[in-house]
Amino acid sequence: MNSIERTLLTLEHRQPDRVPVDLHNFLVTARMMGANSYADFFRDGAAMAEGQIKAWQRFGHDVLLVENGTAALAEACGVQVEYLSDSAPVAKVPAIESLDEVDQLKIPDPYMDPRLSELLKATRIVVEEIGDKAFIIGRADQGPFSLASEIRGLSNFLMDLAMGKQLEQIHKLLDYCRQAVYRYAMAQIEQGAHCTSIGDSPSGPDLISPKYYRKFAYPYVKQLVADLKASNVMLSYHICGNATPIIEDMISTKATIIEIDQKADMQICKEAARGKTTLLGPIDPSEIMAKGTPEMVTEKCREALEILAPGGGFILGPGCALPATTPDENIDAMIETAKKYGRYH
Ligand SMILES: [Zn+2]
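Residues numbered from 1 in each chain as written. Predicted model: local features only at pLDDT ≥ 70, side-chain atom pairs only at ≥ 80, totals over all residues. Heavy atoms only, no water.

## Some points on helix α13 (residues 266–273)
For clarity, the cut-off: Per-residue accessibility, obtained with a 1.4 Å probe over protein chains only, is compared with the maximum for each type, and a residue is labelled buried under 20%, exposed over 50%, and partly exposed between these values. By the criteria applied, helices consist of DSSP H or I runs no shorter than four residues and strands consist of E runs no shorter than two, each listed in order from the N terminus. This arc is built from the directions going out from the helix axis to the C-beta atoms. By the convention used here, residues are in contact when the closest approach between their heavy atoms is within 4.5 Å. In the analysis that follows, any N or O atom pair within 3.5 Å is treated as a polar contact, provided that within protein one partner can donate a hydrogen and the other can accept it, and provided that, for residues neighboring in sequence, both atoms belong to side chains.
Taken together, the buried positions of α13 are Met266, Cys269, Lys270, Ala272 and Ala273. Relative to the axis of α13, the buried residues are bounded by an arc of 165 degrees and lie together on one face. Of the surrounding elements, those touching the buried residues of α13 are α12 (247–252), β9 (278–283) and α15 (294–308). Between the side-chain oxygen of the N-cap and the backbone nitrogen of Gln267 there are 3.0 Å, and the N-cap of α13 in question is Asp265. Just downstream of α13, Gly275 is the residue with a positive phi angle, here 75 degrees.

## Here we look at the coordination of the zinc ion
What counts, and what does not: Metal sites are built from N, O and S donor atoms within 2.8 Å, or 3.2 Å for Na, K and Ca, and they leave out water, so they may look incomplete.
Protein-derived coordination of the zinc ion comes from His238 (NE2), Cys240 (SG) and Cys320 (SG), at a distance range of 2.1 to 2.2 Å. When the donor residues of the zinc ion are listed from N- to C-terminus, their spacing reads H-x1-C-x79-C. His238 sits in the buried class, given a relative accessible area of 4%.

## Some details on the packing of aromatic side chains
Put simply, the rule reads: Aromatic contacts are taken between Phe, Tyr and Trp rings whose centres are within 6.5 Å, Trp giving its six-membered ring; a plane angle under 30 degrees counts as stacked, one over 60 as edge-to-face, and the others as tilted. Only when the NZ of Lys or the CZ of Arg is both within 6 Å of the ring centre and within 35 degrees of the ring normal is a charge said to sit over the ring.
If you walk through the whole model with that rule in mind, you get six aromatic pairs. Consider the rings of Tyr213 and Tyr218, whose centres lie 6.3 Å apart with planes at 55 degrees: the pair is tilted. On the accessibility criterion, Tyr218 (16% relative accessible area) is buried. Taken together, the ring pairs in this structure connect Phe26, Tyr38, Phe41 and Phe42 into an aromatic cluster. The ring of Tyr83 carries the charged tip of Arg43 above its face, separated from the ring centre by 4.1 Å. Of note, Arg302 hangs over the ring of Tyr341, and the distance from its end group to the ring centre comes to 3.8 Å.

## Considering helix α6 (residues 114–130)
This is how the line gets drawn: By this rule, a helix spans an expected 1.5 Å times one less than how many residues it contains.
With 17 residues, α6 should reach 24 Å at 1.5 Å per residue; the first-to-last C-alpha distance of 25 Å fits that figure. Within the span of α6, buried status applies to Leu116, Leu119, Leu120, Ala122, Thr123, Val126, Val127 and Ile130. When α6 is viewed along its axis, its buried side chains cluster within an angular range of 150 degrees and face the same direction. Exposed and facing more than 90 degrees away from the buried side of α6 are Pro114 and Glu128.

## A word on the pairing of strand β6 (residues 195–199)
Rule in force here: Only strands that DSSP links by at least two bridges are regarded as paired with each other.
Burial analysis of β6 places five of its five residues in the buried class, which makes it a mostly covered element. Residues Cys195, Ser197 and Gly199 of β6 are buried on one face, and the alternating residues Thr196 and Ile198, pointing to the opposite face, are buried as well. Where strand β5 (residues 135–142) meets β6, four bridges bridge the pair, whose relative direction is parallel. By the bridge assignment for β6, Arg139 is matched with Ser197. Sheet topology note: the β6/strand β7 (residues 235–238) ladder contains four bridges and is parallel. Each residue of the ladder has a partner; that of Thr196, found in β7, is Leu235.

## Some details on the sheet that holds β5
In space, the eight strands of this open sheet follow the order β1-β2-β5-β6-β7-β8-β9-β10, with parallel pairing throughout. Edge strands, defined here as strands with exactly one partner in the open sheet, are β1 (22–23) and β10 (314–318).

## A look at the pattern of salt bridges
Cut-off, in case you're wondering: A carboxyl oxygen of Asp or Glu within 4 Å of a side-chain nitrogen of Lys or Arg is what we treat as a salt bridge.
For the structure on display, the rule yields 21 salt bridges. Between Arg6 and Asp62 there is a salt bridge; the shortest N-O distance is 2.7 Å. Here Arg6, found in helix α1 (residues 3–11), pairs with Asp62, found in the loop between α4 (45–59) and β2 (63–66); they are 56 residues apart in sequence, far enough to count as distant. Of the two residues, Arg6 and Asp62, neither departs from the other in class, the shared state being buried. Notably, a salt bridge pairs Arg139 with Glu259, separated by 3.4 Å at the nearest N-O pair. With Arg139 in strand β5 and Glu259 in strand β8 (residues 257–259), this residue pair connects regions lying 120 residues apart in the sequence. The exposure class assigned to Arg139 is buried, which follows from its relative accessible area of 4%.

What follows is the structure in structure tokens.
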């Protein structure tokens, strides 16, 4: 059984030979490639593809996540992004100074945009090289709420929500973001990716209340999932931080995969997800994967497998992006644990 068969059976809530493993490892690929400047690496589609393939040859994980952080789509929408020499690019200056400017935003064409087109190239090369052996997720970057918070500036956007004075413009911005994400997601699939994904962590309970989540984040993801499903496209939906209070909502978006991290309650998430969605995660990327020992990784992975693997619908992986400093032997320990303790038969 190869990684694609293993992953597809998992997504159908059936039991393959063992639990598949995903790596959220774009920073690790930059380190493995010996990139002098991450700023150049994360703008170079061919280099990013080579890094992903090299990491796959080294670790043999089942699921690849092709991306370069949280700021690519935002940049295409007009946000000023800072490219760091030793970490992921970050959104710096918002694209709009007031909600009145929302009407001027244009939906980017991912094929014409200089950054997004490099990311599409990365996905295309990875698919061409190993897309018949590994399950490839071409990440469509940020979800509607997260993208809106980059375009408007996070603190400004949270203030807009709290004031609640320009609700029509707020919803216009979120709807613009939903359309921008949809277009980029479809372009990722057009490169041959098996699945696409979004990160929408600023909409999680660590930052806004479930009440606000339901009003300003949920409807847009639900619509996005429905639109993608109309073309048979699967979405993986990432909110790191403690997503437990909104896990039922996240699942009811009907996203194929829900990515959770170490703060989420595994028992509650498993009960809620059973037969409805596949959970991905939830190993602590920083304290365990980057700073822990292989023994600690094994222990945490075993615990997660015990709770989340029964009945299928589980992909083992880090709860968020692995830091570049994550030791290779910790990644090996994660994969070995899935092979040893994640077996179904
Ligand atoms: Zn995350």
